[in-house]
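Observations on chain architecture
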Amino acid sequence: HPWTALWTVAGNISEDCMLLVLGRRVSLSFVKRVNPQDPVLFSKPILLNFRTNIFRVIHSSTVFASVTRSNYTDTMPERRPFVRLPTDVYPVNYGLSLKPDLIDFTFEGKLEAIVEVTLATNQIVMNCADIDIITASFVPEGAEEINATGFNYQNEDEKVTLSFPSALQKGSGTLKIDFVGELNDKMKGFYRSKYANPSGEIRYAAVTQFEATDARRAFPCWDEPAIKATFDISLIVPKDRVALSNMNVLDRKPYPEDDSLVEVKFATTPIMSTYLVAFVIGEYDFVEAQSSDGVTVRVYTPTGKAEQGKFALEVAVKTLPFYKDYFSVPYPLPKIDLIAIADFAAGAMENWGLVTYRETALLIDPRNSCSSSRQWVALVVGHELAHQWFGNLVTMEWWTHLWLNEGFASWIEYLCVDHCFPEYDIWTQFVSADYTRALDLDALDNSHPIEVNVGHPSEVDEIFDAISYSKGASVIRMLHNYIGDEDFRKGMHSYLLKFQHKNAATEDLWDCLEQASGKPIAQVMSSWTKQMGFPIIVVNQEQQGDDRILKISQKKFCASGPHEGEDCPNWMVPVSICTSEDPGCTKLKVLLDSPETTITINNVSPDQWVKINPGTVGFYRIQYSSAMLESLLPGVRDLTLLPVDRLGLQNDLFSLARAGMISTVEVLKLMEAFVNEPNYTVWSDLSCNLGVLSSLLSHTDYHEEIQEFIRDLFTPIGLKLGWECKQGEGHLDALLRGLVLGKLGKAGHKPTLEEARRRFKDHVEGKQILSADLRSPVSSLHKQADMQEEKNRIERVLGAISAPDLIQKVLTFALSEEVRPQDTVSVIGGVAGSSKHGRKAAWKFVKDNWEELHNRYQGGFLISRLIKLSVDGFAIDKMAAEVKSFFESHHAPAAERTVQQCCENILLNAAWLKRDADDIHQYLLQRKAPPV
C-alpha cells in the first residue's frame, strides 16, 4: 500500500476515536476508555504511522518497540532467493481467539502459541501478511514474560521478525501476540463474503481461504505445510450468527464485554497444517445425517435453502464409508461440515472438518438443477472428502508435491462417484474432462513437469493447473491400472498408516506402492512426473502366419509436430493391447522402456484389428499406420470399439492434425463416421473439438461451411432425442440432449433456434417452465434467478449475443454488482468464446479494465483463467506479439506461464490455419457438391 500519513496525535482523544492502519479503519475496542486529561493515554499500545515507514509503538510502561517495514517499493523488486522459515522455534499448539467486525470489516486477534525453542535465539521469524501486531511477548516455561522490542516486517517475503532484548533459551514457552487485520474482499485469507438474506437485505459473512499461503493473513503463524501443530480456536461473534471451525463446538457463552456477542470455543484439532485451518461466521441453515461409521455430517446452506443441501449430504454420507473402506483407515474427526460460500474463488477447499464450496459446487435444487450440476456436485464432494485422508491426515512436505495431493484427489473422486452413481458412466467422462485436457496442455513447449520446484509463495498459485490436477490424475489412473486395484489399495493403506499426522514426499508413496506390488514404481513414475510432456507411440504391423507383429516406437509429442533432435526424452510406458476378438479385454501388457521394440501377438487372424491402449488409460498419443487406422474405422461405425476408445481415437487424430502430422481433412472424414454415435461423452468430446475448429475458421470467410458441417453431423441425433425427455431415460440422456440442442443452436440450425425462442417465451410468460437441462441452450433471466447455478447458467450464455452494442452491455454487466466477483471471469470468457467480434471485444475490455481486474484477482488462479479465456482463440501471429507486449508492461506474476502458453497457442492456431485452411475449404465444398 502506498504509505500515507494516516494519523497524528492530537491533544484530546475523543471517546469513539478511530485509528487508521494501512488505510483501514480499525476499531480501537482494545483501548481502555480513559479520561483525556489522564497523562497516561492508553493501557495498551497504539500505532502511529508516519510516511517514513517507521511505526512507533507507545507503551504505557514507556517501552518503545520499533516497527519497520522493509522491502516496500513502488515498483516490483527483483525476486530474491526464497528461504523457508528458520527451525530454531516451532509451534506445538496455537491458542487463537478472533473477533471479526462485520460492519467495519476488521478483526482483532489474540494468539497464545505454545512453542519449542530448539536453539537459543533473540528473535522469532514467522509468516505475517496484511496484519498489524500490537504487542508481542514470550513467556518461557516457569520464568518471567519478555516483551518484544521490535517487529520487522519483510513484506515481500510475507514474514515478520520479532526481536527480544535477551536470548530466548532452549525449551518450552508461550508466544503471545495481539494483532489487528482486515476482512478483505480478495477471496483469500480471512475475508468478507457478500450475501442477501431472505428479505433481500445485503449482509456479510466472514470466511476463510488459506491454501496455499494465506493463513498468515488471518494470524501470525508458521505457514508452511510441514510445520504442523494443534489448534484451539475461539471466535467472538454476534450471537445471532452461526460460527464454525474445523472441530465441534465445546462451549458457547456470552461475551462479558458486550452482550450482543458470544464466545464460541472449539475442540482441539489433531496435529495439522495451517493451510487447512478454517472458520466461518454468517447466517446459514443446515441438513444433517450420520454416516454408517458414526460421523456427523452437516451441509450448511444459505438461510431458507436447506433442502438444496440434501443431495450433497446424500453423497457425503455414502462417500465417507467408501473412503474408510478403500483406505482401511477411519475418518479421524468427530464431524464434517460442508458449507456453501457466496464469494469463493476456487471450486471448493478441503479444510479439515469444514469444507468450503462455491454455491454451485454444493447446492442442488431438486426442481431447478440440471443433471450436469448434480454430477459436478458429486465429483467435487468426492474430491474434497478424499483430501480428508490424502492431504489432511498425510500432507505434502512442501508445495513441490502439491500435484500428488491434487492429482490423487482428482483421480479418486471418479472412483467414488462411480461407486455412488454407476449410471453416470463417469470414467468415460474422465477421459474427455481430464485426460484429453491434460494432453493438450502438456504438448505445449510452455508446459511444466508434474513436479515443480516451488520456492516463493507467489509461485504456488501458478501450479494449481491442469497439469497438477488432470495430468496428475491421469498418471495415477495409469499407475493404478499398471499395479492392479488390490496391490494399489495395499500400498495406499501402508502409506497412510506410516505417514498419518505427518508429511510425505512423492517418493514416499512410490516406496509404499513398490513394496506392495513388487514393480519398479519409482523408476516408472519419475519418467512421468519429473520431465514434462508425454510420448507419441508410433505403431506399424505385419502379419506372419497366425501372429501379428507390432513395431512400436516412442518419441516426445509436441503440439507443433514431433520432437526432432538428439536429446529426445524417453518414458517408461505401460502399453496394453487388445484385438477385435474381445475389445474390452487386454490381450497383452508390456512396459516400453526403450525408444522402440517389436511385439508378437499370437493367434490373431488377418481380418482382426489390433488396438493399442484399450480403455484410453496410458498417458500418450498414438499414430497408427494407415492400414491399422483403416481397420479400426468400422469399429467406430458399428460401435464394437468401446465408447472410451472411439473417443480416444478421434481425439488423437484431432491433435495430430493440429500438430501438422496429418491433414485436418482426415479428421473431418473420421468425424462423419460418428453419425450413429449414442454415447454422451463421445459427443461431448466431438463437440469440443468441432468448437475449436469452428473458432479457428471464424478467422476465414467460410465459417458458415464448418457450421453447416456441424449441423449435418448433429441433426440426426438431435431429431432422435427431440426436446422432451422420454420415459426410461437417465442422467446421460439428459446431458446429451442439452449438449446436442446447444450445439445445433450455436451452429445456426433454424428449427432448433425457432423452437428455443418459442420455449423461452413460454418460460418467461410462465406458460411452460423449461426443464433445467434445457436452460443453457436458451436462457436470459438473471435478476429473477434465486439460485446461483441458474445465474451462472445465464451468465455463461449471455456472451452468445451477436449485436456489438449488446456485447458491450454484457461486458459492462460482468464487472457490475449484479455478478459475483468469481463469476466475472466466465461472463467475459463467454463473450470471448462466442464469435470473432466477441473475442476482439473481450480482449479490448480486459485491457481497458486491467487494473480493476488484476486488483480483484491479484495472485490467484482466476487471473490465469481470465487471460486464457480472453485470448486463447486468436489465430494471427501479430496477436501473440500484442498479448506478449501487453503483459510485459502489465505484470501478472501469478499468470506468467499462462501468458506464455496463450501466446504459443495463438501461434499454433495461426500455423494450423496457414497449413490446412485451403484443404479444409475444398473438402467442405466437395462434400456438398452434387455427384457428377
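You'll find the protein chain entered in an unreviewed UniProt entry as Aminopeptidase, with Esox lucius given as the organism. UniProt lists a comment for the protein chain under the heading Catalytic activity (unreviewed entry), and it reads "Release of an N-terminal amino acid, preferentially alanine, from a wide range of peptides, amides and arylamides."

The subject of this paragraph is the sheet that holds strand β33 (residues 610-612). As summarised here, the arrangement of the three strands in space is β31-β30-β33, forming an open sheet in which the pairing is antiparallel. Of all the strands in the sheet, the pair left with one neighbour each is β31 (588-592) and β33. If you compare each strand with its neighbour and ignore which way they point, the axes differ by 25 degrees on average. Sheet topology places strand β30 (residues 573-579) next to β31; five bridges connect them, and they run antiparallel. In the sheet register, V573 faces β31, and the bridge partner there is L592.

All right, on to the nonpolar core then. F219, F279 and Y495 are the most contacted members of the largest nonpolar core, which totals 286 residues. Of all the elements, helix α3 (residues 402-420) adds the most residues to this core, at twelve residues. Look past the residues within four positions of Y495 in its chain and what remains in contact with it is F390, V394, L404, A504, D508, L509 and C512.

On average, residues of the protein chain score 86 in pLDDT, and 88% of them reach the 70 mark or higher. Note on residues 1-66: pLDDT under 50 across the span, and 122 contacts to partners over four residues away in sequence or across chains. Contacts for the low-pLDDT stretch residues 68-79, under 50 throughout, to residues beyond four places or in other chains number 29 contacts.

Next up on the list: the packing of helix α19 (residues 824-832) against helix α20 (residues 836-848). Their axes nearest at 7 Å, the elements α19 and α20 cross at an angle of 140 degrees. Where α19 approaches α20, its residues I828, V831 and A832 are matched on the opposing element by G838, R839, A842, F845 and V846. Considered class by class, the residues forming the contact of α19 with α20 number six nonpolar, one polar and one charged.

In this section: the environment of V125. Among the secondary structure elements, V125 is positioned in strand β8 (residues 121-127). C-alpha separation for the pair V125 and K159, spaced 34 residues apart in sequence, amounts to 6.8 Å. Apart from residues no more than four positions distant in its own chain, V125 is found in contact with L85, P86, K159, V160, T161 and W222.

For the coordinates displayed, the defined rule picks out 48 salt bridges. Note that K318 is salt-bridged to E314, the shortest N-O span being 3.7 Å. With K318 and E314 both in helix α1 (residues 310-327) and four residues apart, this pair spans about one turn of that helix. The class for K318 is partly exposed, based on a relative accessible area of 35%. Residue E314 is classed as partly exposed on the basis of its relative accessible area, which comes to 36%. Between R758 and E755 there is a salt bridge, with its nearest N and O atoms 2.7 Å apart.

Our focus in this paragraph is the packing of aromatic side chains. Counted under the stated rule, the structure contains 45 aromatic pairs. Centre to centre, the rings of Y323 and F327 are 5.8 Å apart; their planes meet at 20 degrees, and the pair counts as stacked. With Y323 and F327 both in helix α1 and four residues apart, this pair spans about one turn of that helix. There is no split in this pair, since Y323 and F327 are both buried. Stacked on the ring of F421, the Lys or Arg K318 has its end atom at 5.1 Å from the ring centre.

Time to look at helix α18 (residues 804-814). Listing the buried residues of α18 in full gives I807, V810, L811, F813 and A814. Taken down its axis, α18 places every buried residue within 160 degrees of arc, on the same side. Exposed residues pointing more than 90 degrees away from the buried face of α18 are listed as D805, K809 and T812.

As summarised here, the arrangement of the four strands in space is β32-β29-β28-β34, forming an open sheet in which the pairing is mixed. Looking along the sheet, the strands with just one partner apiece sit at the ends: β32 (596-601) and β34 (621-624). Direction aside, neighbouring strands of the sheet carry axes that sit 25 degrees apart on average. Bridging between strand β28 (residues 535-544) and β34 involves four bridges; their strand directions are parallel. Within β34, the position partnered with I536 by the bridge is R621. Against the sheet, helix α10 (residues 643-658) engages β28 and β34, with an angle of about 85 degrees to β34.

So, on to the pairing of strand β23 (residues 335-341). Where burial is concerned, most of β23 is hidden: seven out of the seven residues are buried. Neither face of β23 is left uncovered, since the one carrying K335, D337, I339 and I341 and the one carrying I336, L338 and A340 both have all their residues buried. Here five bridges tie strand β22 (residues 296-302) to β23, and the two strands are oriented parallel to one another. Residue pairing in the sheet places Y300 in a bridge with I339 of β23. Where β23 meets strand β25 (residues 354-358), five bridges bridge the pair, whose relative direction is parallel. Bridged to D337 within β25 is L354.

Rules and cut-offs
- Residues numbered from 1 in each chain as written.
- Predicted model: local features only at pLDDT ≥ 70, side-chain atom pairs only at ≥ 80, totals over all residues.
- Heavy atoms only, no water.
- UniProt positions renumbered as here; feature names shortened; annotations may be inferred.
- Pairing = 2+ DSSP bridges.
- Helix = DSSP H or I, 4+ residues; strand = E, 2+ residues; numbered from the N terminus.
- Axes fitted to C-alpha atoms, helices over the stretch in contact; angles between N-to-C directions.
- Core = buried A, V, L, I, M, F, W, Y, C linked by side-chain atoms within 4.5 Å.
- Buried < 20%, exposed > 50% of the residue type's maximum accessible area, 1.4 Å probe, protein only.
- Contact = heavy atoms within 4.5 Å.
- pLDDT = per-residue confidence, 0-100.
- Nonpolar A, V, L, I, M, F, W, Y, C, P; charged D, E, K, R; others polar.
- Salt bridge = Lys/Arg side-chain N within 4 Å of Asp/Glu carboxyl O.
- Phe/Tyr/Trp six-rings, centres within 6.5 Å; stacked < 30°, edge-to-face > 60°.
- Lys NZ or Arg CZ within 6 Å of the ring centre and 35° of its normal.
- Arc of directions from axis to C-beta.

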